[in-house]
Amino acid sequence: MPDIDPPTGGAFLMERGACSAPARIFTPDQFPVEARLLARAVEDFVRREVVPANARLEAHETGLMRGVLRKAGELGILGTAVPEKFGGLDLPKSQIALLTEAAAIHPSFAISAGVHSGVATLPLLFFGTGDQKRRYLPRLASGEWIGAFALTEANSGSDALSAQTKAVRTEETGDYTLNGAKVWITNGGFADLITCFGTLEGTGLTAFLVERETAGLSASREEHKLGLRGSSTTRILLEGATVPSENLLGEIGNGRLPALAALNLGRFAIAATALGMCKENLRAATQYALERRQFSRPIAEFGLIRQKLAEMAIRMLVLESMLYRTAGYLDARFGAISADGPASAEQYRSAAEEYAVECAILKVFGTETLDFVVDEALQIHGGYGFSEEFPIAQAYRDSRVFRIFEGTNEINRITIVDQILRRIDSGRVILPENARQASVNTNASAHPEVDETAEVLALADMERCQVRIRGATQVTIALCRALLAEGQPENQDLVGFVADMIVACYAAESVWLRCRQTEGAESLSHAGLAYARDAQVLACAWSRTILSAVGGSGPALDPPDEPVPGRDTIGLRRSVASAVVDRSGYPW
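Numbering of residues starts from 1 in every chain and runs along the sequence as written. Totals for whole chains, interfaces and linings use every residue, but because this is a predicted model, local features are given only for residues with pLDDT of at least 70 and side-chain atom pairs only at 80 or more, for both listing and counting. By convention in this description, side-chain values take in all heavy atoms of the structure and omit both hydrogens and water.

1. A few points about the confidence of the model for the protein
And step 1. In this model, the protein carries an average pLDDT of 90, and 91% of its residues clear a pLDDT of 70 or more.
And step 2. pLDDT expresses how confident the predictor is about each individual residue, on a scale running from 0 to 100. Whether two residues are in contact is decided by their heavy atoms: any pair within 4.5 Å suffices. Scored below 50 in pLDDT, residues 553-566 shows 30 contacts in the model against residues more than four places distant or in partner chains.

What follows is the structure, encoded as structure tokens:
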């Protein structure tokens, strides 16, 4: 593991060089042999125990998924983040991401296990009392008990912290009574311990550990879902459910802290799952393209098919680079925390919050890469891809929800911009005063003194691209900051464009840093350069679009270095949206 001095979250938007040097970031090439062997063991387990049972899992055979999870617990797969003294493996976030990738070859299992070991367990690990950890963590780590996370409600999806579930404290006993209904609860059909959130009158959102056998708690039937049919998803009903005082999790009224800590790291885990699914689907698509023959040749030899395979791999490389770069930062922050320390809860909260921007970026980029890869994989399969006889059809169904849960991608885009603006206002992230000029005059090589080998030229070109993306992003935020900060719903289209620029900035720099660290990998630098060039064009176009909409005049954002008049296409689309809404459908 490299010696990483983790930067401030969001610091990648500062002047270049503000983040870690290439030699001080983590990449998957740095995993030790032991980590890869453990990942292989997880993959072997899933292929041996889970994949053959797929049809039975999708039919919700009673006790099957729970039994599979119990076996996974016996192998240690469910206790990856739990300290060893509670029966876990206490692995760093980077290695947990690698194991998550391996489990993702069966998405329903991956989500069931991921919710259990992630959002259902981490709030207890971070904010639980010593007694709570002793009572529950060993059971969760072993798979004896299965966990669930109950935050979402029918009327509080994207606005998850506005829960309507009510908690009332009984003065005589100090216990709490919960009334309400939670929806879309993964593992809801069989979970033994549920991290549940309710609003305590006069104090705000509060977290509780609710056991399955609690009187007044029940689960509805399994939801009829488009995808992830092998996982359990139910409603959890709370009708006078009494929770003892010792099962209050964290502080009264501060339930948002365990909720947000879990969601931030949950988004990181979703990106790792998406990457694992991408790799499995690229493998399947490539194998099919090599076997399928048309016009007496494998379709893998045809240019349009090869273009698809290349673009799938490029986006996956960028996602992988971003994911493990962020994992290294998380490892450095979480690795410095003593689980038994007197300030551990605050330290865990701070570590989980520090990279909220990066985790939201990963969730957006990862899930949209997943949708792209699966869609193209199905297209390569042609008509067979539309048949449930081929696994790509299930992959297509399974992938779609990833852009919805752990915060929709729309909400995550808003989160990205909101967090960046908050950090600028607090001084944690400082945009350069000459942001307008930063995007100009970046055509010169950053390393003119070195020999112009093909690899050096590619890295230099990649650096120019990512510097220009950062400059365009800085300019746009600087000129539109007040408007973006207003938080008006009608400005979300502007926010979305800015979020995409921020995503491109982190993505381009991550793949550039990885390519600089990995010498002699020509295809790697070619993939990074292909992404960086395209991202530069898009980022500069987005900037001009935004500035045209708000009446600003941006700097020269791409060659030729002269201002390009823009048109307010955002305003045009707003006008069209109004017509659609006014007529409740197609307006012409």
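2. Details of the side chain of Gln 474
And step 1. Strands here are runs of E lasting at least two residues and helices are runs of H or I lasting at least four, both read from the DSSP assignment and numbered beginning at the N terminus. Looking at the secondary structure, you find Gln 474 in helix α15 (residues 454-485).
And step 2. Two N or O atoms count as a polar contact when they lie within 3.5 Å, although within protein this holds only if one can serve as hydrogen donor and the other as acceptor, and sequence-adjacent residues are included solely when both atoms are side-chain atoms. Here the side chain of Gln 474 touches Met 14 through a polar contact of 3.4 Å, landing on its backbone oxygen.

3. Some words on the environment of Ala 521
And step 1. Considering the arrangement of structural elements, one finds Ala 521 in the loop between α16 (492-517) and α17 (522-549).
And step 2. Sequence spacing of Ala 521 and Arg 47 is 474 residues, and the spatial spacing of their C-alpha atoms is 31 Å.

4. Considerations on the packing of aromatic side chains
And step 1. Any two rings among Phe, Tyr and Trp, with Trp reduced to its six-membered ring, count as a pair given centres within 6.5 Å; such a pair is stacked if its planes are under 30 degrees apart, edge-to-face if over 60, and tilted if neither. Under the defined criterion, the tally for this structure stands at 19 aromatic pairs.
And step 2. With a centroid separation of 5.5 Å and 90° between ring planes, the pair formed by Phe 31 and Tyr 324 is classed as edge-to-face. Here Phe 31 is found in the segment before α1 (33-50), whereas its partner Tyr 324 is found in helix α9 (residues 303-334), with 293 residues between them in sequence.
And step 3. With a centroid separation of 4.4 Å and 20° between ring planes, the pair formed by Phe 126 and Tyr 348 is classed as stacked. With Phe 126 in helix α6 (residues 122-127) and Tyr 348 in helix α10 (residues 344-354), the pair connects residues that are 222 residues apart, well separated along the chain.
And step 4. Judged by its relative accessible area of 7%, Tyr 348 is buried.
And step 5. An aromatic cluster of at least three residues, connected via ring pairs, comprises Phe 126, Phe 127, Phe 334 and Tyr 348.
And step 6. We note Lys 93 situated over the ring of Phe 334; from NZ or CZ to the ring centre the distance is 4.2 Å.
And step 7. Above the ring of Trp 145, the side-chain terminus of Arg 139 is found at 4.5 Å from the ring centroid. The rule is simple: take the accessible area with a 1.4 Å probe, protein chains only, and divide by the maximum for that residue type; under 20% is buried, over 50% is exposed, in between is partly exposed. In our convention, an over-ring charge means Lys NZ or Arg CZ found within 6 Å of a ring centre and within 35 degrees of that ring's normal.

5. Observations regarding the packing of α9 against helix α11 (residues 356-381)
And step 1. In the contact formed by α9 and α11, the axes pass within 10 Å of each other and the chain directions differ by 160°. As summarised for this structure, α9 and α11 are arranged roughly antiparallel, according to the angle between their axes. In this structure, α9 crosses over α11, and the sense of that crossing is left-handed. Every residue of α11 that contacts α9 at Ile 305, Lys 308, Leu 309, Glu 311, Met 312, Arg 315, Met 316, Val 318, Leu 319, Met 322, Leu 323 and Thr 326 is listed here: Glu 358, Ile 361, Leu 362, Phe 365, Gly 366, Thr 369, Phe 372, Val 373, Glu 376, Ala 377, Gln 379 and Ile 380.
And step 2. Looking at the contact of α9 with α11 residue by residue, the classes come out as 15 nonpolar, four polar and five charged. Between N-to-C directions, angles span 0 to 180 degrees; the directions come from axes that are lines fitted to C-alpha atoms, helices contributing only their stretch in contact. For classification purposes, an angle smaller than 35 degrees is called roughly parallel, one larger than 145 roughly antiparallel, one from 65 to 115 roughly perpendicular, and anything else oblique. The crossing is said to be left-handed when, going from far helix to near helix, the turn is anticlockwise and less than a right angle, and right-handed when the turn is clockwise. Following the grouping adopted for this structure description, the nonpolar residues are Ala, Val, Leu, Ile, Met, Phe, Trp, Tyr, Cys and Pro, the charged ones are Asp, Glu, Lys and Arg, and the polar ones are all others, Gly among them.

6. What about a nonpolar patch on the surface?
And step 1. Nonpolar side chains collect at one region of the surface, where Val 576, Val 580, Tyr 586 and Trp 588 lie side by side and expose about 480 Å² of accessible area between them.
And step 2. Tracing the sequence through the fold places Val 576 in helix α18 (residues 569-583). What goes into a patch is any residue over 30% in relative accessible area without a salt bridge, connected to like charges within 9 Å or, for nonpolar side chains (Val, Leu, Ile, Met, Phe, Trp, Tyr), within 5 Å. All accessible areas in this document rest on Shrake-Rupley with a 1.4 Å probe, and a residue is counted as covered only by the protein chains that are shown. The term salt bridge refers to a pairing of a side-chain nitrogen on Lys or Arg with a carboxyl oxygen on Asp or Glu at a separation within 4 Å.

7. Comments concerning unusual backbone geometry
And step 1. In this model, Leu 228 sits at a positive phi of 50°, which is unusual for a non-glycine residue.
And step 2. With respect to the helices, strands and loops of the structure, Leu 228 is situated in the loop between β6 (217-219) and β7 (233-243).
And step 3. A positive phi is found at Glu 406, a non-glycine position, where the angle reads about 60°.
And step 4. Mapped onto the elements of the fold, Glu 406 is located in the loop between α12 (391-399) and α13 (409-426).

8. Side note on α11
And step 1. Expected helix span is given by 1.5 Å per residue-to-residue step, counting one fewer step than there are residues. With 26 residues, α11 should cover 38 Å at 1.5 Å per step; its first-to-last C-alpha distance of 37 Å lies within 8% of that length.
And step 2. Burial analysis of α11 places 23 of its 26 residues in the buried class, the great majority of the element.
And step 3. Looking one or two residues beyond α11, the residue adopting positive phi is Gly 382, at roughly 65°.

9. Some remarks on the side chain of Thr 273
And step 1. Within the secondary structure, Thr 273 is located in helix α8 (residues 256-291).
And step 2. Setting aside anything within four residues of it in sequence, one finds Thr 273 in contact with Thr 100, Ala 104, Ala 110 and Phe 402.

10. Comments concerning helix α4 (residues 93-103)
Note: α-helices contain 3.6 residues per turn, so residues at a spacing of three or four share the same orientation.
And step 1. With eleven of its eleven residues buried, α4 lies for the most part within the structure.
And step 2. Among the residues of α4, those classed as buried are Lys 93, Ser 94, Gln 95, Ile 96, Ala 97, Leu 98, Leu 99, Thr 100, Glu 101, Ala 102 and Ala 103.
And step 3. The inward-facing, buried residues of α4 contact α1, α5 (107-117), α8 and α9.

11. Concerning the pattern of salt bridges
And step 1. Overall, the coordinates contain 38 salt bridges when judged by the stated rule.
And step 2. Among the ionic pairs, Arg 325 bridges to Glu 509, the shortest N-O distance being 2.7 Å. Remark: Glu 509 occurs in helix α16 and Arg 325 occurs in helix α9; sequence separation between them is 184 residues.
And step 3. Given the relative accessible area of 0%, Arg 325 is considered buried.
And step 4. Linked by salt bridges that have partners in common, Asp 29, Glu 101, Lys 279, Glu 320 and Arg 514 make up one network.

12. A short note on the nonpolar core
And step 1. We call a set of buried residues a nonpolar core when its members are Ala, Val, Leu, Ile, Met, Phe, Trp, Tyr or Cys and they connect through side-chain atoms within 4.5 Å of each other. Ranked by size, the top nonpolar core spans 160 residues in total, and within it Phe 109 and Ile 502 carry the most contacts.
And step 2. A total of 17 residues in this core trace back to one element, the largest contributor, which is α8.
And step 3. In this structure, Phe 109 is in contact with Phe 45, Val 46, Val 50, Met 65, Val 68, Leu 69, Ala 72 and Ala 103, ignoring residues within four places of it in sequence.
And step 4. Ala 148, Ile 194, Ile 236 and Leu 238 belong to the second largest nonpolar core, which has 18 residues in total.

13. Here we look at the pairing of strand β3 (residues 176-186)
Each regular strand displays side chains that alternate between the two surfaces of the sheet.
And step 1. Only when DSSP finds a minimum of two bridges between them are two strands counted as paired. Bridge count between strand β2 (residues 166-169) and β3: four bridges; the pairing is antiparallel. The residue bridging Lys 166 from the neighbouring strand is Asn 179, located in β3.
And step 2. Alignment of β3 against β7, held across nine bridges, turns out to be antiparallel. For Thr 177, the partnering residue across the bridge sits in β7 and is Thr 242.

14. Here we look at the environment of Gln 30
And step 1. As for its position among the elements, Gln 30 is in the segment before α1.
And step 2. In this structure Gln 30 comes out as partly exposed when scored by relative accessible area, which is 23%.
And step 3. Considering only alpha carbons, one finds Gln 30 and Ile 380, 350 residues apart in sequence, at a separation of 33 Å.

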